[in-house]
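This is what each chain is made of:
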Amino acid sequence: MWTYRPDLKQYAVTSYQAFKKANDWVLIGVSSFTLLDFPEEDRKAVVSGNLSDTNILGYLGLASNNEIKGDKRTIDGQPIYVYDYKDPKDGFTLSAFVNPETAILKQVQLAGKTDDLDILLTEKILSKTPNPTINNNTFRFSPPKGTKRVKKLSISPL
């Protein structure tokens, strides 16, 4: 992972595992981060519309997980199927909103409270590519002149 902060004129290069352990992961998007952890076959199923209420929990091996609940709701006048997972340790709830007609993931939401923070993060998904072609030349980062490489760098400006 390359992190670049133009405001600080700094950049860092870290492994995905190190980035995952940091608290910045939520800033790349909950759906993107979550899908990075899915095996390729499961990512394809999620992105290409195989999230019907009858098959997704079984498909992902979560049917026996009592912490994941799914039900039909109406949001903004539209029917939607929502899967909720409440983390028993941290108390945060991660919700996936699925179009019941197309079985496509439409929205992800993270909600919860900590001692001094009340979080409600909603990510609406306009489109996702099921299997983009990515190779070593897909992304290239060249640090601008005058930029310093540092060992660790948060992407959060706070």
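This one's a predicted model, so the numbers in the text were calculated from it and none came from an experiment.

(A) Just the pattern of salt bridges, in detail. Using the criterion set out here, one finds three salt bridges in the structure. A salt bridge links Asp7 to Arg5, with the nearest nitrogen and oxygen atoms 2.6 Å apart. A salt bridge links Asp84 to Arg73; the shortest N-O distance between them is 2.3 Å. Pair noted here: Asp84 is in strand S4 (residues 78-86) and Arg73 is in strand S3 (residues 68-75), with a separation of eleven residues, a long-range link. Overall, Asp84 belongs to the buried group, its relative accessible area being 18%.

(B) Broad picture of the environment of Asp87. Within the secondary structure, Asp87 is located in the loop between S4 and strand S5 (93-98). Sequence separation of Asp87 and Gly112 is 25 residues, and the distance between their C-alpha atoms is 9.8 Å. Only 2.7 Å separates the side chain of Asp87 from the backbone nitrogen of Lys89, close enough to count as a polar contact.

(C) Broad picture of the sheet that holds strand S6 (residues 105-114). The sheet built from five strands is open, its strands ordered S3-S4-S5-S6-S7 with antiparallel pairing. Every interior strand has two partners, whereas the edge strands, S3 and strand S7 (117-124), have only one. On average, each strand axis in the sheet is inclined to that of its neighbour by 20°, with strand direction left out of account. In terms of strand pairing, S3 meets S4 through eight bridges, oriented antiparallel. By the bridge assignment, Ile68 is partnered in S4 with Tyr85.

(D) Highlighting the pairing of S6. In this sheet, S6 lies alongside S5 in antiparallel orientation, the contact comprising six bridges. Residue Leu94 lies in a different strand from S6, and its bridge partner there is Leu110. Count of turn residues in the S5/S6 antiparallel hairpin: six residues, of which Ala103 carries a positive phi of about 60°. Both S6 and S7 contribute to a ladder of eight bridges, which runs antiparallel. Residue pairing in the sheet places Gly112 in a bridge with Ile119 of S7.

(E) Broad picture of the side chain of Arg5. With respect to the element layout, Arg5 can be found in strand S1 (residues 2-5). A distance of 3.0 Å separates a polar side-chain atom of Arg5 from the backbone oxygen of Ser154.

What counts and how
- Residues numbered from 1 in each chain as written.
- Predicted model: local features only at pLDDT ≥ 70, side-chain atom pairs only at ≥ 80, totals over all residues.
- Heavy atoms only, no water.
- Salt bridge = Lys/Arg side-chain N within 4 Å of Asp/Glu carboxyl O.
- Helix = DSSP H or I, 4+ residues; strand = E, 2+ residues; numbered from the N terminus.
- Buried < 20%, exposed > 50% of the residue type's maximum accessible area, 1.4 Å probe, protein only.
- Polar contact = N/O pair within 3.5 Å; in protein donor to acceptor, adjacent residues only side chain to side chain.
- Pairing = 2+ DSSP bridges.
- Axes fitted to C-alpha atoms, helices over the stretch in contact; angles between N-to-C directions.

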